[in-house]
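# Topology and contacts: notes
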Amino acid sequence: PASLVGLLDDLNTPLAISHLHRCLDALNEATEHGSKVAAKTNLLSSAEILGLLQQEPEAWFKWAPESAGDVDEAEVERLIAERSQARANKDFAASDRIRDELAAQGIVLEDGPDGTTWKRG
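Residues numbered from 1 in each chain as written. Predicted model: local features only at pLDDT ≥ 70, side-chain atom pairs only at ≥ 80, totals over all residues. Heavy atoms only, no water.

## Observations concerning the packing of helix α2 (residues 13-29) against helix α3 (residues 33-49)
For clarity, the threshold we go by: Whenever a helix is involved, its axis is fitted only over the stretch in contact; in every case the axis is a line through C-alpha atoms, and angles between N-to-C directions fall within 0 to 180 degrees. Each helix is a run of H or I in the DSSP string that is no shorter than four residues. Each strand is a run of E no shorter than two, and both are numbered from the N terminus. Every angle not falling under 35 degrees, over 145, or within 65 to 115 is termed oblique; those three ranges are roughly parallel, roughly antiparallel and roughly perpendicular. Handedness of a crossing follows from how the near helix is turned relative to the far one, being left-handed for an anticlockwise turn of less than a right angle and right-handed for a clockwise one. In what follows, residue pairs with any heavy atoms lying within 4.5 Å of each other are defined as contacts. Each residue receives one of three labels: charged for Asp, Glu, Lys and Arg, nonpolar for Ala, Val, Leu, Ile, Met, Phe, Trp, Tyr, Cys and Pro, and polar for the others, Gly being one of them.
Here α2 crosses α3 at 160°, and the two axes come no closer than 8 Å. Accordingly, the angle class assigned to the pair α2 and α3 is roughly antiparallel. Two packed elements cross with a definite hand, and for α2 against α3 that hand is left-handed. Where α2 abuts α3, its residues L20, C23, L24, A26 and L27 lie against K36, A39, K40, N42, L43, S46 and A47. By residue class, the composition of the contact of α2 with α3 is eight nonpolar, two polar and two charged.

## Things to note about the layout of surface pockets
Unfilled space is identified by rolling a water-sized probe across the atoms. As a reminder, the rule being used: Think of a 1 Å grid over just the protein atoms. A cavity is a set of points where a 1.4 Å probe fits yet cannot get out, a pocket is an open set with protein on both sides within 12 Å along at least five of seven lines, and lining residues have an atom within 4 Å of a point. Grid points are joined across faces, edges and corners, and a volume is the space filled by probe spheres set on the points.
Size it by volume and the largest pocket reaches roughly 340 Å³. Together, K40, L44, G51, L52, L53, Q54, Q55, E56, P57, W60 and F61 line the largest pocket. Going through the elements one at a time, α3 and α4 (57-62) are the ones with two or more residues in the lining of the largest pocket. The element that contributes the greatest number of residues to the lining of the largest pocket is α4, accounting for three residues. When its residues are assigned to classes, the lining of the largest pocket shows six nonpolar, three polar and two charged.

## What about unusual backbone geometry?
The phi angle at L53 is positive, at roughly 55°, despite the residue not being glycine. Assignment of secondary structure puts L53 in the loop between α3 and α4. Residue K90 is not a glycine yet carries a positive backbone phi of 60°. Of note, K90 is situated in the loop between α5 (73-88) and α6 (92-104).

## Details of the pairing of strand β2 (residues 115-120)
We count it as follows: If DSSP finds at least two bridges between two strands, the strands pair.
Where strand β1 (residues 107-112) meets β2, six bridges bridge the pair, whose relative direction is antiparallel. Considered in β2, the bridge of V108 is made with K119.

## Things to note about the pattern of salt bridges
Put simply, the test is: Salt bridges, as used here, are contacts in which a Lys or Arg side-chain nitrogen is within 4 Å of a carboxyl oxygen on Asp or Glu. In this scheme, a residue with accessible area under 20% of its type's maximum is buried, one over 50% is exposed, and one in between is partly exposed, where area comes from a 1.4 Å probe on protein chains only.
Per the counting criterion, the structure on display carries nine salt bridges. Here R78 ties to E75 by a salt bridge, and the two come within 2.7 Å at their closest N and O atoms. Here the residue R78 and the residue E75 both occupy positions in helix α5, the gap between them amounting to three residues, near one helical turn. Looking at R78, the relative accessible area reads 42%, which means it is partly exposed. Judged by relative accessible area, which is 31%, E75 ranks as partly exposed. Measuring nitrogen to oxygen at the nearest pair gives 2.9 Å for the salt bridge that ties R78 to E82. Of this pair, R78 and E82 both sit in helix α5, four residues apart, roughly one helical turn. Because the salt bridges share partners, they merge into one network encompassing E75, R78, E82, R97 and E101.

This is the structure in structure tokens:
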């Protein structure tokens, strides 16, 4: 894999990561299904050598060390739904209160076109 080039050069991790960027560029530029699959396979196998891209992004963003305290994911999702309803009702004070309550627990909300997502901040 491409990342080996940098690692074989006396553990030159910046070079290895630059090769990962090239793999990503190749994936982004691929137009045919077969070339996309090959580019994705190359990127993931190269990243695996460095211990990168081994988790789903959502799981990675929600990870926290044990010392960070427990977060009840169901409760976070419930509060996000409550906040969304408050926003739909134009109750921005309630929406802000919920956002601030979650922020105090280290939860960062990100509003997007597909709804609200969260991660630990």
